[in-house]
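The residues making up each chain are set out below.
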There are 2 protein chains.
Amino acid sequence: MPVTIEDLSKTLGLSRSTISKALNDRGDVSSRTRERVLKAAHELGYQPSAAARNLRRQRSDKIGLVVNYPIHQVSDFLAELIPGLATSAEEAAYNLILYTSMAGNETRITNLCRSREVDGIIVAWPPRLSETAALYRLMSDERMPHIVLPRRVPHDDVSYVAADHKEGARLLTAHLISLGHRRIGFERLPEVFETDHDRHAGYATALRQGGINYDPALVIAADSSADDYEARTFNTLMDLPQPPTAILFFTDPVAIKVLSLAKARGIRVPDDLSITGFDGVLSSGVTEPALTTVRQPLPQMGRLAVESLLRLIADETVEPQQHTLPVELIIRRSTGLHIRT
Amino acid sequence: MPVTIEDLSKTLGLSRSTISKALNDRGDVSSRTRERVLKAAHELGYQPSAAARNLRRQRSDKIGLVVNYPIHQVSDFLAELIPGLATSAEEAAYNLILYTSMAGNETRITNLCRSREVDGIIVAWPPRLSETAALYRLMSDERMPHIVLPRRVPHDDVSYVAADHKEGARLLTAHLISLGHRRIGFERLPEVFETDHDRHAGYATALRQGGINYDPALVIAADSSADDYEARTFNTLMDLPQPPTAILFFTDPVAIKVLSLAKARGIRVPDDLSITGFDGVLSSGVTEPALTTVRQPLPQMGRLAVESLLRLIADETVEPQQHTLPVELIIRRSTGLHIRT
DNA sequence: GCAAGCGCCGAAATCGATTTCGGTGAGAAT
DNA sequence: ATTCTCACCGAAATCGATTTCGGCGCTTGC
């Protein structure tokens, strides 16, 4: 139904090749002919068929965003990430295709690579390491450019864009220490392997720098698959013989939930207990008290991921793109001075 | 580089047609041959080229999500919408392609239609009516199935999925009336034409049902392009000789901002003033006090939009799909009894 | 006047699938 | 033995572009 290059060819009395060359500014076409072609193309409303073009050029000008995680658990982040991803892709004449239900399914990722439906893949929130080393090899084998977001990957040859979680945790901890806290609780989430590892390292570094001994009792490994896991971490810590005076929680939503748990237990924040979140999601700013937290520069991370991926697409010999972006400490009202007793 | 149907053909000594028919379960192929083909396809890692397939079948199994609005202004909603959209699309073996920077650009939408890159289009947050009547005609002319989300459209022949804003405003207003309020402020946002109109109608209906006179002084038309427009609405109303005892704000974020404005003016919520938001975004639940609001069923709306669009794609003679979904009143702590003085 | 050079255009191959339609061989019917 | 079916398979057309390469006509150089 739509007008094809063949239609143009007939009405103009020119060959398809000439039309194509004129429209793409390639090859030998006199300027007079080019004008004629352009004019006719506009008048007839010609637009090349994407499929035909893709088939011939062996590229799709599309980037796949593979969300490798239950999507409603990361939609908050997606909201901040997608604008950056989509706009910078479109500036480069690419578009984003969403793939949300192929978590951990290697067959489907393989098929995606082989179908050449996309020119490159952004892997968002890869599952735990053990399951993914194979994933990256798989994409490499299929020669599909790819980049991981927003987590770092402990392989020299895999590209990623991540935030500096170690520094984030260090900043939060140092902030608490500067407020006079010395017993600082720390929530771990071992399932997000590298992130957890980095944050814990930052926490330990800050303690060392502050001359505070590391107390294992203050470090709780949570299990986000258990219900009410937020309460468990909180209660375990507060039921300690010597409870902490400040706690770093793993995410803002957890800290927000703890805000009401604390109120229910009659614990005032920040007077009795300082708490911090992580990530700097929107809602962390409107709680009472507002959360002290660390913000990942998600919009920039999105831009950078796209730019790096495009570089990998353009030149497959380019070195792996590994970026760790600085985070920003946001001090709000959920952290306060600790008055020694 | 990837293995093609021709490779399969060579290694099996069968024609391409037979291979294709075997793989797609079409036409006459003996079960013995089919098995051979399937086995070889699996062993060689054959996956059909998306481009070739699209070209021949004249369809792409892709749905375009055209975000016709500054994307970072709607990313909150996108976060709740996209999971529903993406997963239900993928259940039907479709994928979502994002287009975020073609707001109001008819040429680019036309080109998208003509390139047949997508089989259907979801138009999210269409700009004001006057600019879009042409848009819908354009897509119809190009025979591109399309559906508008999440706003209704005043054309009988355009499909849409929207929430019942009229009922939402009526519920909120009736709730306030039942709490004893009689002077109820109402913020309008004329630029979101139909939505504003519907909500205002719901507000008026509730007043009438409650036997309360409509007072034009209590209805403020805001202009979201002005900075601090939240403060303007709020101050205008509270500076009235007889200020309202309750106000309906147009969105949750506005109401949240007003929460702190009120505190700054020494106005207690809900003791001195009840306020409500609209939309039920995540952060509305964590403020102090938490917001009474109305929730649009965004996940279901996303599902329904996809399902309806697929119906339009499958059968272009099907009647326009117009859905208005019920909303849910969420009563929280920002609204309270009004004690007559 | 003839060869070489150059600007411009077109025929045909190609990308990788799907689909139509005709042909072949084995078995059944006469 | 000949014809008719019918199951199965393949040749070729098709989808709509891009790209290579060769050829034609005209100018330039000698």
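Per chain, residue numbering runs from 1 following the sequence as it is written. Chains carry letters from A onward and ligands carry numbers from 1 onward, assigned in written order. Reporting of local features is limited, given that this is a predicted model, to residues whose pLDDT is at least 70; pairs of side-chain atoms are given and counted only at 80 or more, and all residues count toward the totals for whole chains, interfaces and linings. The side-chain figures draw on all heavy atoms in the structure; neither hydrogens nor water molecules are used.

A. Structural context of the overall build of chain A. Strands here are runs of E lasting at least two residues and helices are runs of H or I lasting at least four, both read from the DSSP assignment and numbered beginning at the N terminus. Secondary structure summary: chain A contains 12 helices and 12 strands in total. For the radius of gyration, the atoms used are the C-alpha atoms, and the globule rule reads 2.2 Å times the number of residues raised to 0.38. The C-alpha radius of gyration computed for chain A amounts to 26 Å, which surpasses the reference 20 Å derived for 341 residues by more than 25%, pointing to a less compact arrangement than a globule. Principal-axis analysis of the C-alpha atoms places the extent of chain A at approximately 95 × 40 × 35 Å. Remark: exposure states derive from per-residue accessible area (1.4 Å probe, protein chains only) relative to the maximum for the residue type, with buried under 20%, exposed over 50%, and partly exposed in between. Every one of the 341 residues in chain A was classed for burial, and the buried ones make up 54%. Excluding contacts between residues fewer than 6 apart, the proportion of contacts in chain A whose partners are at least 24 apart in sequence is 73%. Element-wise, carbon and sulfur atoms account for 49% of the exposed surface of chain A, whose accessible area totals about 15500 Å². Lys and Arg are tallied as positive, Asp and Glu as negative. Neither His nor the chain termini are counted. Note that the charge is assigned to NZ on lysines, CZ on arginines, CG on aspartates and CD on glutamates. Side-chain charges in chain A split into 39 positive and 42 negative, and the spacing between the mean points of these groups amounts to 4 Å. We call two residues in contact when some of their heavy atoms are within 4.5 Å. Surface accessibility follows the Shrake-Rupley procedure with a 1.4 Å probe radius. Residue values consider only the protein chains on display as shielding.

B. Local environment of the protein's contact with DNA strand C. Consider each residue's heavy atoms; a residue with any of them within 4 Å of a molecule or strand counts as near. Near DNA strand C there are 30 residues, and of these Thr33 and Arg56 of chain A together with Ile5, Ser20 and Tyr46 of chain B occur at the shortest range. Among all atoms of DNA strand C positioned within 4 Å of the protein, those belonging to sugar or phosphate total 55%. Definition of a polar contact: a pair of N or O atoms within 3.5 Å, with one able to donate and the other able to accept a hydrogen when the atoms are protein atoms, and with sequence-neighbouring residues admitted only if both atoms are side-chain atoms. In the model, a phosphate oxygen of DNA strand C is placed 3.0 Å from a nitrogen or oxygen of the Ser15 of chain A main chain. Arg16 of chain B places a polar side-chain atom, nitrogen or oxygen, 3.4 Å from a base nitrogen of DNA strand C. Considering every element that reaches the surface near DNA strand C, the biggest residue donor is helix H4 (residues 50–57) of chain B, with five residues. Here the nonpolar group is Ala, Val, Leu, Ile, Met, Phe, Trp, Tyr, Cys and Pro; Asp, Glu, Lys and Arg are the charged ones; every other residue, Gly included, is treated as polar. For the surface near DNA strand C, the residue count by class is eight nonpolar, 13 polar and nine charged.

C. Broad picture of the sheet that holds strand E6 (residues 184–188) of chain B. Residue and element names in this part refer to chain B. Taken in spatial order, the four strands of this open sheet run E7-E6-E8-E9, and their pairing is parallel. Either end of the sheet is taken by a strand with one partner, and the two such strands are strand E7 (219–221) and strand E9 (274–276). Pairwise comparison of adjacent strand axes, ignoring direction, gives a mean angle of 15° for this sheet. Bridge count between E6 and strand E8 (residues 246–248): three bridges; the pairing is parallel. Paired with Phe186 across the bridge in E8 is Leu248. Whether two strands pair depends on DSSP finding at least two bridges between them. For every element, the axis is a line fit to its C-alpha atoms; helices are fit only across the contacting stretch, and the angle between N-to-C directions ranges from 0 to 180 degrees.

D. Examining the interface of chain B and chain A more closely. Listed by partner, the interface residues are 41 residues for chain B and 41 residues for chain A. A quick way to say it: buried area is the sum, across both parts, of accessible area lost when two parts are put together, with a 1.4 Å probe. Carbon and sulfur atoms make up 65% of the surface buried where chain B meets chain A, a total of about 3700 Å² over both sides. Salt bridges, as used here, are contacts in which a Lys or Arg side-chain nitrogen is within 4 Å of a carboxyl oxygen on Asp or Glu. Summed over the shared surface of chain B and chain A, the result is four salt bridges. In this structure, the salt-bridge partner of Glu288 of chain B is Lys263 of chain A, at a minimum N-O distance of 3.5 Å. Elements represented by at least two residues in the side of chain B that touches chain A include exactly H4, helix H5 (71–91), strand E2 (95–99), helix H6 (106–115) and helix H11 (252–264) of chain B. For the side of chain B that touches chain A, the per-class residue count stands at 19 nonpolar, 13 polar and nine charged. By the bridge criterion, three bridges tie strand E2 (residues 95–99) of chain A to E2 of chain B in an arrangement that is antiparallel. Residue pairing across strands places Leu96 of chain A opposite Leu98 of chain B, the latter belonging to E2 of chain B.

E. Quick look at helix H12 (residues 298–314) of chain B. Residues and elements named next belong to chain B. For a helix, the expected span equals 1.5 Å multiplied by the number of residues minus one. For H12, built from 17 residues, the straight-helix expectation of 24 Å at 1.5 Å per residue is met to within 8% by its first-to-last C-alpha distance of 24 Å. Those residues of H12 lying buried are Leu298, Met301, Gly302, Leu304, Ala305, Val306, Ser308, Leu309, Leu310 and Leu312. Those residues of H12 that are buried lie in contact with strand E1 (62–67), H5, strand E3 (120–124), strand E4 (146–149), strand E5 (160–163) and strand E11 (322–325).

F. Fine view of the domain arrangement of chain A. Domain assignment breaks chain A into domain 1 (5–48), domain 2 (62–163 + 298–325) and domain 3 (165–296). The gap between the C-alpha centroids of domain 1 of chain A and domain 3 of chain A is 64 Å. By convention here, the domain bounds are inherited from an automatic or database domain assignment.

G. Summary view of the relation of the copies chain B and chain A. Each copy is superposed on the other by least squares, with the fit set by C-alpha atoms of residues at a pLDDT of at least 70 in both. After a rotation of 180° and a shift along the axis of 0.1 Å, chain B superposes on chain A with an RMSD of 0.2 Å. These values place the two chain copies in the arrangement generated by a two-fold rotation axis. When you check the interface residues of chain B against chain A, 100% turn up at the interface there too, and the contact is symmetric in its surfaces.

H. Representation of the protein's contact with DNA strand D in the model. The full set close to DNA strand D counts 30 residues, and Ile5, Ser20 and Tyr46 of chain A together with Thr33 and Arg56 of chain B are the nearest of them. Residue Arg16 of chain A places a side-chain N or O atom 3.3 Å away from a base nitrogen belonging to DNA strand D. Contact between DNA strand D and Thr33 of chain B: a phosphate oxygen at 2.4 Å from a side-chain N or O atom of the residue. Sorting the residues of the surface near DNA strand D by element identifies helix H2 (16–24) and helix H4 (50–57) of chain A together with helix H2 (16–24) and H4 of chain B as the ones contributing at least two each. For the surface near DNA strand D, the element with the most residues is H4 of chain A, which contributes five residues.

I. Expanded view of the sheet that holds strand E7 (residues 219–221) of chain A. Residue and element names in this part refer to chain A. Taking strand neighbours across the sheet as the criterion, the four strands line up as E7-E6-E8-E9 in an open arrangement whose pairing is parallel. Each edge of the sheet is formed by a strand with only one pairing partner; in this case those strands are E7 and strand E9 (274–276). Ignoring strand direction, the axes of neighbouring strands in this sheet form an average angle of 15°. The sheet contacts of helix H8 (residues 165–178) involve strand E6 (184–188), strand E8 (246–248) and E9, and relative to E8 the element is tilted by about 175°.

J. Structural context of the side chain of His175 of chain B. Residue and element names in this part refer to chain B. Relative to the assigned elements, His175 resides in helix H8 (residues 165–178). With relative accessibility at 10%, the residue His175 sits in the buried group. Setting aside its immediate chain neighbours within four residues, His175 contacts Thr292, Leu329, Ile331 and Thr335.

K. Up close: H11 of chain B. Residue and element names in this part refer to chain B. Compared with the 18 Å implied by 1.5 Å per residue over 13 residues, the 19 Å span of H11 between its first and last C-alpha is a close match. Residues of H11 that are buried include every one of Asp252, Val254, Ala255, Ile256, Val258, Leu259 and Ala262, and no others. On the buried face of H11, the contacting elements are E6, helix H10 (229–238), E9 and strand E10 (293–295). A positive backbone phi angle near 75° is found at Gly266, which sits one or two residues after H11.

L. Spotlight on the environment of Gly280 of chain A. Residue and element names in this part refer to chain A. Position of Gly280 among the secondary structure elements: in the loop between E9 and strand E10 (293–295). Gly280 gets classed as buried once you look at its relative accessible area, which sits at 6%. In this structure, the C-alpha to C-alpha distance between Gly280 and Pro253, residues 27 residues apart in sequence, is 9.8 Å.

M. Inspection of the packing of H2 of chain B against helix H3 (residues 31–44) of chain B at higher detail. Residues and elements named next belong to chain B. Interaxial distance between H2 and H3 falls to 9 Å at its minimum, and their mutual angle equals 90°. Compared by their axis directions, H2 and H3 come out roughly perpendicular. Listed contacts from H3 to Thr18, Ile19, Ala22 and Leu23 of H2 are Thr33, Arg34, Val37, Leu38 and Ala41. For the contact of H2 with H3, the class distribution of residues is six nonpolar, two polar and one charged. An angle below 35 degrees is treated as roughly parallel, one above 145 as roughly antiparallel, one from 65 to 115 as roughly perpendicular, and anything else as oblique.

N. A look at the side chain of Thr205 of chain B. As for its placement among the helices and strands, Thr205 of chain B is situated in helix H9 (residues 193–209). Leave out the neighbours within four places in its chain, and Thr205 of chain B touches Lys166 and Arg170 of chain B.

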